[in-house]
Amino acid sequence: MSSPGNSARNEHRPDPDALLARVKEEEARQTRGKLKVFLGAAAGVGKTYAMLEAAHARRAEGMDVVAGWVDTHGRAETEALLEGIEILARRPLEYRGTILKEFDLDAALARRPALILVDELAHTNAPGSRHTKRWQDVQEIIEAGINVYTTLNVQHLESLNDVVAQITGVRVHETVPDSVLERADEVELVDLPPEELLQRLKEGKVYVPEQAREAIRNFFRKGNLIALRELALRRTADRVDEQMQAYMRDHAIDRTWPAAERLLVCVRAGPLGVKLVRAARRMAARLHAEWMTVYVETPDHVRLSETDREGLARTLRLAEQLGGQTVTLSGQSVTEEILAYAQARNVSKIIVGKPAGPRWREILSGSAVDELIRRSGGIDVYVIRGEEGEPSPRRAGRPTRPTHWRQLGWAAGTVGLCTALAWVMFPYSEISNIIMVYLLGTVLVAPRLSRPFTILTSILSVAAFDLFFVPPRFTFAVSDVRYFVTFAVMLVVAIVVSSLTVRIRRQADAARHRERRTAALYDLSRELAGTRGAETLMRTAARHIHEVFAGQVVILLPRTEGGLVQGAAHPAPFEIDADEGAVGQWVFEHRQIAGLETETLPGAQALYIPLIASQGIVGVLGIKPSNPHAFADPEQLHLLETFANQAALAIERAQLAEAAQQAQVRAEAERLRNALFSSISHDLRTPLTTIMGAAGSLLENGTHFQRGTWQDLLQSIVDEAERLNRLVSNLLDMTRIEAGALPVKKDWHPLEEVVGTALARMGKRFRDHPINIHVPADLPLVRIDGTLIEQVFINLLDNGLKYTPVRSGIDISASLTDAAVLVEVADRGPGFGPGEAQRIFDKFYRGQTSDSRGVGLGLAICRAIVEAHGGKIWAENRPGGGAVFRFTLPAKETPPEMPRLP
């Protein structure tokens, strides 16, 4: 049992998972450069001056320091601090006939100093630069392992953009994502009281006198500077608080932490979405909470105008840039979808915008905000108001609906037809049936018209009914007040029916849209799962992506010697020039999206996405859409990323399969090589040992040997030399066969002569094995290469001698079958084990029951020779014990007439 002291120590022990995550983070930081940001409340507080002083301190310590971009604004004291520091040349860029100077990112990466100074982090690069913003240049430098000092004013932080505009009345357009500052290794606040900053302005130390006077009247008012100073101090305080909490977590000072906050911000089409996203980002930063942006796609989504769609896409893209997660949900009720998702993700706070529509609409159709607050339970709901004069989201009629005049014609024509039909029925029918005629017309026309014109049809129907069929007829006067109830019910029923019809139509449109997306992804996954081979997989993926996203598609694969090469393209070869190739290479190296409609290399003609699989990046997907703004919608971009992920996993699977197959081939080749070396080393050494021993005995003691001993030793030398010759011949024959250099010179031969020649070549080896030959005298001539078929007989007979017991016979027979001569060589050896008869003709294979010597090439050579003649060879167990080898030789041609002896 542990003591109380041990329990207390265990309670304060650091969390192993947290420590492991911290260690991994530190390891990742080791490969990256360090970023230090000199943060100020406004221009003129001395950020650049402080950065240069710090650079000189590092330089005095022996660090290699280079000024990549430093803007002195003509200040003499700042320019003096640049002395002694190497200044990187600026890159000239031509834009609309003007030469602009920009920071040279490539030169900085090539120079690769230990520390580089890059002023004005929020600067927007000139068109033609690799990145749109300078902070992206800084990120690439850091990833390359170079330390960076940079400067930033607090008003340029993206999440503070609305706050700064509200305080100063000036909208700042150059912004930096908060995540850049959060990932900085060090933030140093450069502070200056407003009075001193205003004095510096008056003295011309910030701007020239004319600009200084204008700045004091506008942006640099004392109240503005105080507010900006507070923002800078608070942001720096938040940074210090984050560092202290990290220290407490690492040292387990206090393990009592409340549940983590999680924020959800709901956005809709309209300008308020941007303000909601920024407010959520600021709140999440204060609470150190995870946050997400949610848009609910209801059936009304299909009626949004193109402007509203683009605005919604910008809002979601801004949320991603600020570090939030974006989610698009689909459903009928905004409230139900948001609450279900919030509960599933354990959200603690929901941020929504104040309703922008008129109050009467909320009373009639209900308020989603009120319902959300009422049903939120334990979730806090924050309602943020929009700016006065913000327009409500505009809706566009469905593009496939008829124009207003055509819809008006449908409404009037339908009412006219119903009136004509009712006029015919009126003398013979009740008034209630006349009402049904008008209701039927409204129901039939509702699917073709928008809601306003459907309601107009209902109103016209009531008016026509009153004018033509309610007494007094042909006037709108009503003699019986009870008809007013009829009119009201008729109108309400028509409006309800039309509203339900329109809603069902929108739901069907939304369902078809979701079904198309799901079906496209399913089709891709199914076809990729059933496809083999990397090239086929890439062509399949490119074709599906082209069909779904309507653009030229290319898949780029890495080459062994470096660079990328086209693996597949659809529908036609993708023309990639040097610039486009450089974009693809950058995406492959940095594993980030770049190109068209992105913040990185937006001047590219195509969008490039890294194909990242489980074991790393396998290539790059490029798509040149027919509509350049097709991927401005984050949902479309996410769908494309899903397709890319599926393609990446399929390509990786194919590459792994090919690698496994190659590994298997290499392993088999290694096994065969080892078997060959083992067999050859043994079979070459054994006859050589015998020859050397016999020859050595003859040289040393030959004069003392009797004649019989001499004969035995010489015979052993001859036998082993012949055996060595057969071994080398088999190796040479197999080499020629593998190289395709074994010519087959066919001629007509009697088979018995070929058998006799083979037996003569083997000589005395058959003295302990009787040979039984059964070749019919009327067997026709066969057209063969006599030398090669003779080698087949020699190899088969040699194989039989190895396995046949002494004084056991070997049988050779031949017979004529349909268009072939069948030859059999049978012995009384041990036969074949299970499955061995199928492997006996493989190279370097030797029988399992073999205790004799051999390389295992003889039968493989037999198969190659027989197949070269157009025949086939096989082996079977012989009835009564032993093995039988059979092979066929084609006998389709008619042999020539043999001359008769006189």
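The structure displayed is predicted, hence computed values, not measured ones.

Draft legend 1. Region of the structure containing unusual backbone geometry. With an omega dihedral of -5°, the bond running from Pro471 to Pro472 counts as a cis peptide bond. Its location among the elements puts Pro472 in the loop between helix H19 (451-469) and helix H20 (482-529). At Glu120, a position not held by glycine, the phi torsion is positive, near 55°. On the basis of relative accessible area, Glu120 is assigned to the partly exposed category, the value being 25%. With a phi angle near 65°, Arg807 is a residue other than glycine that sits in the positive phi range.

Draft legend 2. A look at the nonpolar core. Ranked by size, the top nonpolar core spans 61 residues in total, and within it Phe103 and Leu117 carry the most contacts. Per-element tally for this core: the top contributor is helix H3 (residues 47-60), with five residues. Ignoring anything within four residues of it in the chain, the contact list for Leu117 reads Met51, Leu52, Ala55, Val65, Val66, Ala67, Gly68, Trp69, Val70, Ile85 and Tyr149. The next biggest cluster of nonpolar side chains, apart from the first, holds 41 residues, and it includes Ile789, Phe793, Cys862 and Phe887.

Draft legend 3. Seen up close, the pairing of strand S14 (residues 551-558). The buried fraction of S14 is high, at six of eight residues. Bridging between S14 and strand S18 (residues 616-625) involves six bridges; their strand directions are antiparallel. Looking at S18, one finds that Val553 is bridged to Ile623. In this sheet, strand S15 (residues 564-570) lies alongside S14 in antiparallel orientation, the contact comprising six bridges. By the bridge assignment, Leu556 is partnered in S15 with Gln566. Linking two consecutive strands that pair antiparallel, namely S14 and S15, is a turn of five residues; a positive phi of about 105° is found at Gly562 within it.

Draft legend 4. The arrangement of the sheet that holds strand S6 (residues 115-118) in detail. The strand order across the open sheet formed by six strands is S3-S2-S6-S7-S1-S8, and the pairing between neighbours is parallel. Unpaired on one side and paired on the other, strand S3 (86-87) and strand S8 (186-190) mark the two borders of the sheet. Strands strand S1 (35-40), strand S2 (65-69), S6, strand S7 (147-153) and S8 of the sheet are contacted by H3, whose axis makes an angle of about 165° with S7.

Draft legend 5. Here's a closer look at the environment of Phe484. Take Phe484: it is sitting in helix H20. On the accessibility criterion, Phe484 (48% relative accessible area) is partly exposed. A C-alpha to C-alpha distance of 9.7 Å links Phe484 and Asp466, two positions 18 residues apart in sequence.

Draft legend 6. Quick look at the packing of helix H7 (residues 161-168) against helix H12 (residues 272-287). Taken N-terminus to C-terminus, the directions of H7 and H12 make an angle of 105°; their axes are 8 Å apart at the nearest point. It follows from the interaxial angle that H7 and H12 lie roughly perpendicular. Contacts between H7 and H12 involve Asn161, Asp162 and Val163 on the former and, on the latter, Val274, Lys275, Arg278 and Arg282. For the contact of H7 with H12, a count of residues per class yields two nonpolar, one polar and four charged.

Draft legend 7. Looking closely at the sheet that holds S18. With antiparallel pairing, five strands are arranged side by side in an open sheet as S15-S14-S18-S17-S16. Only two strands of the sheet have a single partner each, and these edge strands are S15 and strand S16 (594-595). Summarising the sheet, S16 and strand S17 (residues 607-613) pair through two bridges and their orientation is antiparallel. Paired with Gly595 across the strands is Leu607, a residue of S17. Those strands touched by helix H21 (residues 534-549) are S14, S15 and S18, and its axis lies near 150° from that of S14.

Draft legend 8. Region of interest: the environment of Arg111. Take Arg111: it is sitting in helix H5 (residues 105-111). Residue classification places Arg111 among the partly exposed positions, given a relative accessible area of 29%. It is 8.9 Å that separates the C-alpha atoms of Arg111 and Val66, two residues lying 45 residues apart in sequence. When neighbours within four sequence positions are excluded, Arg111 is seen to be in contact with Asp64, Val66, Glu86 and Leu88. At 2.8 Å, the side chain of Arg111 forms a polar contact with the side chain of Glu86.

Parameters and conventions
Residues numbered from 1 in each chain as written. Predicted model: local features only at pLDDT ≥ 70, side-chain atom pairs only at ≥ 80, totals over all residues. Heavy atoms only, no water. Helix = DSSP H or I, 4+ residues; strand = E, 2+ residues; numbered from the N terminus. Buried < 20%, exposed > 50% of the residue type's maximum accessible area, 1.4 Å probe, protein only. Core = buried A, V, L, I, M, F, W, Y, C linked by side-chain atoms within 4.5 Å. Contact = heavy atoms within 4.5 Å. Pairing = 2+ DSSP bridges. Axes fitted to C-alpha atoms, helices over the stretch in contact; angles between N-to-C directions. Parallel < 35°, antiparallel > 145°, perpendicular 65-115°, else oblique. Nonpolar A, V, L, I, M, F, W, Y, C, P; charged D, E, K, R; others polar. Polar contact = N/O pair within 3.5 Å; in protein donor to acceptor, adjacent residues only side chain to side chain.

As far as function goes, none of this settles anything; it's purely spatial.
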